[in-house]
Amino acid sequence: MSETSKSVSTKSPSLIKQALTVNRKPFPWVKAFCAGLAASLPIIIGLLFGNLEYGLLAGMGGFTYLYVFNIPYAQRAKKLFFVVLGITLASALGTLAAPYPSAIAILMGVIGATAIFIFGALRIIGPSAIFFVLVFAMTTGMPVNPELAPLRAGLAFLGGTLSWVIAMIGWFFDPHGPETSVVKRVYAELAALLDSVGTDTFNEAGHRVMSVLKEAEETLVAGYIPWKNTDIFNRLYILNGHANTMFLYILENFSENNFKIPSELGETVREIVNSLDQKKNKRKGVFKKILQPEELDEKVARLFTKIFDADATFNEPTSKINQAIRMYKPSLKTIFLGAFDKNSIVFITAVRFGVVTIIAALIAYHFGFTRSYWVPLSCVAVMSGSTIVATYHRAIQRGVGTILGILIASLILATHPAGFVIALLILLLTFITELFIVKNYGLAALFFTPNALLMAESTSQTNFSFSYFASARLIDILIGSVIGLIGVLLIGRRSASSRLPHLITKTIRSQAQFLFILFSDQGNGFNARKSREQMKMRTNLITLKTLYSTAAGEIPVNKKALEYYWPVIFSIEQLGYLLENGSKMDKRPILADETLAQFLYVFETMANATDRQQAPFIKKVPEIEGFPSIQQEIITLQKSLQINEKVPI
């Protein structure tokens, strides 16, 4: 008991320090201005038509812009369209449920859980459930009039549509900006990997390359429009393919090097990054040519050839570039079924989120707070942290930011702002919020709090006194934050780390199944990239990575288990990458039944030992002609699973 207390006391200052740390990410000036414009422009339009209330209702749709991130415009258009529909539905449901407190509580939990599940399953970056719940909560706090549901929903839809238009303007100037950016990162990381050959940082650099290659593939798939194939997109796709080829070659030929390779390799790859930068291209006109060393061994010479092949992509004629692009992505049904599993951290998080939100709302409405919805809304904001540690950070940040934010809100609302002043304040507060959200959530809460209060209260007849806001809002928000923290601790305290062995076992077995279909005769017309086995392996890998990240944020954290499982998960992820790359090749060897049986035996030995939390016996791994990296990675995985004692979970 004393050790636990000591542990908590030593960690608490660390948590507070981490929560109040301001990171060094650059300010997103353009996004912040556009967010302010999206929030205030509907209000300005409403004022021009002589109706501030309608403008404020449409302004709720302006929250759509807060879901804008640097993703391909094809994906952005679809994502934001469904965000607009979600906000529209939330405003309609909030209006209809307003007379019924119990219905408000249940719907608030359902809306939050649904948003958390969808964003988690599709791995969509963004604020997730918070603004859907906020719009729903704000409409429940408006004058009760269910007949206005179509009007309020329609105005929110119009405001959201305006945000969609603002978000898509960049397409006219740089339609493939996000895709170009991620391919540039691929080659930058590839250059860093070449520089790390023969050093202790090679494995770490290799993992970064693998991660960004996966991200690039997903980005290109998301940005692909079958009926609108552009020359730029095709060249980016081919460049990414060359990067995959180079990465595999480096792993197969230089991973065991004890000496560095010529620095000209990394410099040449960096020149490809410069070639992708259109602004530099126009400014410089000619790029620096990197001269090869006079003496090269065969492996290095071949690697130079592969780099030059990638560089030649810029000079290939359009007719040669416009080749058939094969894009494969899992269906929504496959993705959601994979996430809808009792061991899926996405599903567990969504259920926890919904249950705790409902409890917070029931408590708030039962005790009749002045604006009851601020309690569950604060609970939602706190639980939006991706891990328990992040939840603690959110609670600390929201507490500090809210206290100061309420003081700002009290001063603003005490002046009884009206008309265009409200629009200007909302623009300014939204702009500052988006500027600081990348720095620290607490700084953002400092300005988001008065912004939300200004929007929610501008049309009411409340007496805007300092004591009113300083007491009612502060109490509501603190109670909601405490409920969120308690709920996360009670329901999800060890839910991630306890599932690691089981999910690692599932992932290893799914990799065995995928390897089997890759190197066995599956008949004519079989496409491994569209197989159930690949989808299953990919789903397990994604879930495993999410589960490990969540386990790393638990309190108390099981450091011994995390340190043990990190190289295991690293090796599993690397093996998955190699198997997926193998599926892209049309010609693969067909292994003999005895060889396949040996592979299945090796995988099952590892899976069974992992499930029992024991060290597997090292088994002989057969060779696969043309795929030496797969054999080597399976051997590495066996070694990674070796432990001297049972890992406590």
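Computed from a predicted structure; not experimentally measured. (Residues numbered from 1 in each chain as written. Predicted model: local features only at pLDDT ≥ 70, side-chain atom pairs only at ≥ 80, totals over all residues. Heavy atoms only, no water.)

J.: Sorry, what's going on with unusual backbone geometry here?
T.: In most cases, non-glycine residues show a negative phi, while peptide bonds are predominantly trans. Its identity is not glycine, yet Arg123 carries a phi of approximately 55°, on the positive side. One can find Arg123 in the loop between α5 (101–121) and α6 (130–140). Phi at Gln613 is positive, roughly 55°, even though this residue is not glycine. With respect to the helices and strands, Gln613 occurs in the loop between α25 (593–611) and α26 (628–640). (Helix = DSSP H or I, 4+ residues; strand = E, 2+ residues; numbered from the N terminus.)

J.: It is not clear to me how α25 should be interpreted in this structure. Could you clarify?
T.: Taking 1.5 Å per residue, 19 residues should reach 27 Å; α25 reaches 26 Å between its end C-alpha atoms and fits that length. Considering only its buried residues, α25 is in contact with α22 (500–518), α24 (559–583) and α26. Backbone geometry just downstream of α25 places Gln613 in the positive-phi region, at approximately 55°. (Expected span 1.5 Å × (residues − 1). Contact = heavy atoms within 4.5 Å.)

J.: Can you walk me through the confidence of the model for the protein in this structure?
T.: Do not read the fine detail of predicted coordinates wherever pLDDT is low. Put simply, the protein has an average pLDDT of 84, and 86% of its residues get 70 or more. Of all secondary-structure elements in the protein, the lowest mean pLDDT belongs to helix α1 (residues 2–19), at 46, while helix α7 (residues 149–168) reaches the highest, 96. When the criterion is pLDDT under 50, residues 1–13 qualifies, and its contacts beyond four places in sequence or with other chains add up to two contacts. Below pLDDT 50 for its whole length, residues 279–287 participates in seven contacts with residues either more than four positions away or in separate chains. (pLDDT = per-residue confidence, 0-100.)

J.: Explain the nonpolar core here, please?
T.: Side chains of a nonpolar character, in soluble globular proteins, are inclined to be buried together. Counting residues in each nonpolar core, the largest one holds 165 residues, and the members touching the most others are Tyr187, Leu190, Ile630 and Ile634. In contact with Ile630, not counting residues within four places along its chain, are Leu515, Phe519, Leu575, Leu578, Leu579 and Ile624. (Core = buried A, V, L, I, M, F, W, Y, C linked by side-chain atoms within 4.5 Å. Buried < 20%, exposed > 50% of the residue type's maximum accessible area, 1.4 Å probe, protein only.)

J.: Just to check I follow, could you spell out the pattern of salt bridges for this structure?
T.: Two side chains of opposite charge can pair, provided their charged atoms sit close to one another. Inspection of the entire model under this criterion finds 14 salt bridges. Residue Glu215 pairs with Arg185 through a salt bridge whose shortest N-O separation is 2.9 Å. With Glu215 in helix α9 (residues 202–223) and Arg185 in helix α8 (residues 177–196), this residue pair connects regions lying 30 residues apart in the sequence. When its relative accessible area of 32% is taken as the criterion, Glu215 is described as partly exposed. On the basis of relative accessible area, Arg185 is assigned to the partly exposed category, the value being 37%. In this structure, the salt-bridge partner of Glu580 is Arg538, at a minimum N-O distance of 2.7 Å. Separated by 42 residues along the polypeptide, Glu580 in helix α24 and Arg538 in helix α23 (residues 532–551) bring together distant segments of the chain. Classification of Glu580 as buried rests on a relative accessible area of 11%. Given a relative accessible area of 19%, Arg538 falls into the buried group. A single network of salt bridges, built from pairs that share partners, joins Glu189, Glu204 and Arg208. (Salt bridge = Lys/Arg side-chain N within 4 Å of Asp/Glu carboxyl O.)

J.: Where do I start with a nonpolar patch on the surface in this structure?
T.: Together, Phe81, Phe82, Leu85, Phe157, Leu158, Trp164, Val165, Ile169, Trp171, Phe172 and Phe173 make up an exposed nonpolar region whose accessible area comes to about 1100 Å². For the nonpolar patch, the secondary structure elements donating two or more residues are α4 (73–97) and α7. For Leu158, the location among the structural elements is in helix α7. (Patch = residues over 30% accessible without salt bridge, like charges linked within 9 Å, V, L, I, M, F, W, Y side chains within 5 Å. Areas by Shrake-Rupley, 256 points an atom, 1.4 Å probe, with all protein chains shown as cover.)

J.: Explanation requested: the side chain of Lys79 in the structure shown.
T.: In this fold, Lys79 is placed in helix α4. Put simply, Lys79 is tucked away with no salt bridge, and the nearest opposite charge, on Glu434, sits 11 Å away. Once residues within four sequence positions are removed from consideration, Lys79 is found in contact with Tyr67, Phe69, Ile71, Ile124 and Ile125. (Lys, Arg positive; Asp, Glu negative; His and termini not counted.)

J.: Teacher, can you tell me more about the packing of aromatic side chains here?
T.: Here the structure, examined in full by the defined rule, presents 24 aromatic pairs. Ring geometry for Tyr67 and Phe132: centres 5.5 Å apart, planes at 45°, overall tilted. Separated by 65 residues along the polypeptide, Tyr67 in the loop between α3 (52–61) and α4 and Phe132 in helix α6 bring together distant segments of the chain. The pair formed by Tyr67 and Phe132 is uniform in burial state, with each residue classed as buried. Here the basic side chain of Lys31 rests over the ring of Phe69, its NZ or CZ set 3.9 Å away from the ring centre. (Phe/Tyr/Trp six-rings, centres within 6.5 Å; stacked < 30°, edge-to-face > 60°. Lys NZ or Arg CZ within 6 Å of the ring centre and 35° of its normal.)

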